[in-house]
Amino acid sequence: MNHQHHYRVDVEWTGNLGSGTDGYRNYSRDHVIRIEGKPPLAGSSDPSFRGDAAKHNPEDMLVTALSTCHMLSYLHMATVAGVVVTGYVDAAEGTMVTEGDGGRFTEVVLHPTVTISATSDPAKAEAAHESAHHACFIANSVNFPVRCEPRIVVSSD
């Protein structure tokens, strides 16, 4: 049975420096992202596009969404497989190309390092990544490859 889930995000542009968008260099790309019940996120564009490097940008958030969705799916799949995960870190990387006035992502590569208990099966821990990839809502929603290059570390408990 299919279940619909709805998400609401409010975005407000805060970059009017006094003259609106009357020139490419005359406005800031700053904005605020608000989701009810959660702290606001300060956003901007990537510094390559005149944004503020200290603020979140859509490209970083897309890579983050893919990484965290995979992680959460993985933790579930590992649990189902009887794998005890004691640590998980990822150094995800996305590649985007610009073309004319637009652009697109060409791939995202996840590099999770997963630490498992000494009593867990490393082969099952590895296999859970494939299951997680197929279960990840975000990876299933993008039109570019999302690859996973995991590393499994067995804890010395």
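Remember, it's a predicted structure, so these values are computed and weren't measured experimentally.

Participant: Quick one: what's the story with the packing of helix 1 (residues 58-80) against helix 2 (residues 122-135), residue by residue and with numbers?
Facilitator: Relative to each other, helix 1 and helix 2 sit at 125°, their axes nearing to 8 Å. When the axis of helix 1 is compared with that of helix 2, the two are oblique. Helix 2 is crossed by helix 1, and the crossing has right-handed handedness. Residue-level inspection shows H70, S73, Y74, M77 and A78 of helix 1 in contact with helix 2, the latter providing A125, A128, H129, S131, A132, H133 and A135. Partitioning the contact of helix 1 with helix 2 into residue classes produces seven nonpolar, five polar and no charged.

Participant: So what's going on with a nonpolar patch on the surface? Which residues, and what values?
Facilitator: Taken together, the side chains of Y24, F49 and M96 define a hydrophobic patch exposed on the protein surface, amounting to about 270 Å² of accessible area. Its place among the elements puts F49 in the loop between strand 3 (41-43) and helix 1. Judged by relative accessible area, F49 falls into the partly exposed class, the value being 32%.

Participant: So what's going on with the sheet that holds strand 7 (residues 112-116)? Residues and values would help.
Facilitator: Reading across the sheet, the three strands line up as 4-7-9 and stay open at both edges, with mixed pairing between neighbours. A single partner strand is all that each edge strand has here, and the edge strands are strand 4 (85-90) and strand 9 (151-154). Pairs of neighbouring strands in the sheet enclose a mean axial angle of 15°, with direction left out of account. By the bridge criterion, five bridges tie strand 4 to strand 7 in an arrangement that is antiparallel. Looking across to strand 7, one finds that V85 is bridged to I116. Set on the sheet, helix 1 makes contact with strand 4, strand 7 and strand 9; between it and strand 4 the angle comes to about 160°.

Participant: If you had to explain the nonpolar core to someone new, which residues and values would you point to?
Facilitator: Membership of the largest hydrophobic core is limited to ten residues, which are V63, L66, C69, F105, V108, L110, C136, A139, F144 and V146. At the level of elements, helix 1 and strand 6 (102-110) are the ones that each hand at least two residues to this core. Each residue touching V146, except ones within four places of it in the same chain, is listed here: L66, V108, L110, H133 and A139. A78, V83, I116 and A128 belong to the second-largest nonpolar core, a separate cluster that totals nine residues.

Participant: Lay out the packing of aromatic side chains with the relevant residues and their values.
Facilitator: Applying the stated criterion across every chain, the model contains three aromatic pairs. An angle of 80° between the planes, with centres 6.3 Å apart, marks the rings of W13 and Y27 as edge-to-face. One end of the pair, W13, is in strand 1 (residues 10-13); the other, Y27, is in the loop between strand 1 and strand 2 (31-34), and 14 residues separate them in sequence. Residue class for W13 comes out partly exposed when judged on its relative accessible area of 41%. In this structure Y27 comes out as partly exposed when scored by relative accessible area, which is 22%. Ring centres 5.6 Å apart and planes at 25° place the aromatic pair F105 and F144 in the stacked group. A residue pair is termed long-range when its members are at least 10 positions apart, and F105 in strand 6 and F144 in the loop between helix 2 and strand 8 (146-148) qualify at 39 residues.

Conventions we followed
Numbers given for residues are sequential positions, taken from 1 along each chain in its written order. Totals for whole chains, interfaces and linings use every residue, but because this is a predicted model, local features are given only for residues with pLDDT of at least 70 and side-chain atom pairs only at 80 or more, for both listing and counting. As a rule here, side-chain values cover all heavy atoms of the structure and leave hydrogens and water aside. Interaxial angle, 0 to 180 degrees, is taken between N-to-C directions of lines fitted to C-alpha atoms, where a helix line uses only the stretch in contact. Here a strand is any run of E in DSSP of at least two residues, a helix any run of H or I of at least four, and the numbering for each starts at the N terminus. Here the word oblique covers every angle except those under 35 degrees (roughly parallel), over 145 (roughly antiparallel) and from 65 to 115 (roughly perpendicular). Helix crossings get a hand from a simple test, with the near helix turned counterclockwise from the far one by less than a right angle marking a left-handed crossing and a clockwise turn marking a right-handed one. Only heavy atoms enter the contact rule, under which two residues are in contact if any of them lie within 4.5 Å. The classification used treats Ala, Val, Leu, Ile, Met, Phe, Trp, Tyr, Cys and Pro as nonpolar, Asp, Glu, Lys and Arg as charged, and all other residues, Gly among them, as polar. Like charges are joined within 9 Å and nonpolar side chains (Val, Leu, Ile, Met, Phe, Trp, Tyr) within 5 Å, but only among residues with over 30% relative accessible area and no salt bridge; these make up the patches. For every accessible area listed, the method is Shrake-Rupley and the probe measures 1.4 Å; residues are considered covered only by the protein chains on display. Whenever a carboxyl oxygen of Asp or Glu lies within 4 Å of a side-chain nitrogen of Lys or Arg, that contact is scored as a salt bridge. Any residue under 20% of the maximum accessible area for its type is buried, any over 50% is exposed, and the rest in between are partly exposed; the area is computed with a 1.4 Å probe on protein chains only. In this scheme, strands are said to pair when DSSP sees at least two bridges between them. To qualify as a nonpolar core, a set must consist of buried Ala, Val, Leu, Ile, Met, Phe, Trp, Tyr and Cys residues joined through side-chain atoms within 4.5 Å. For Phe, Tyr and Trp, where Trp contributes only its six-membered ring, two rings pair if their centres lie within 6.5 Å, and the inter-plane angle classes them as stacked under 30 degrees, edge-to-face over 60, or tilted in between.

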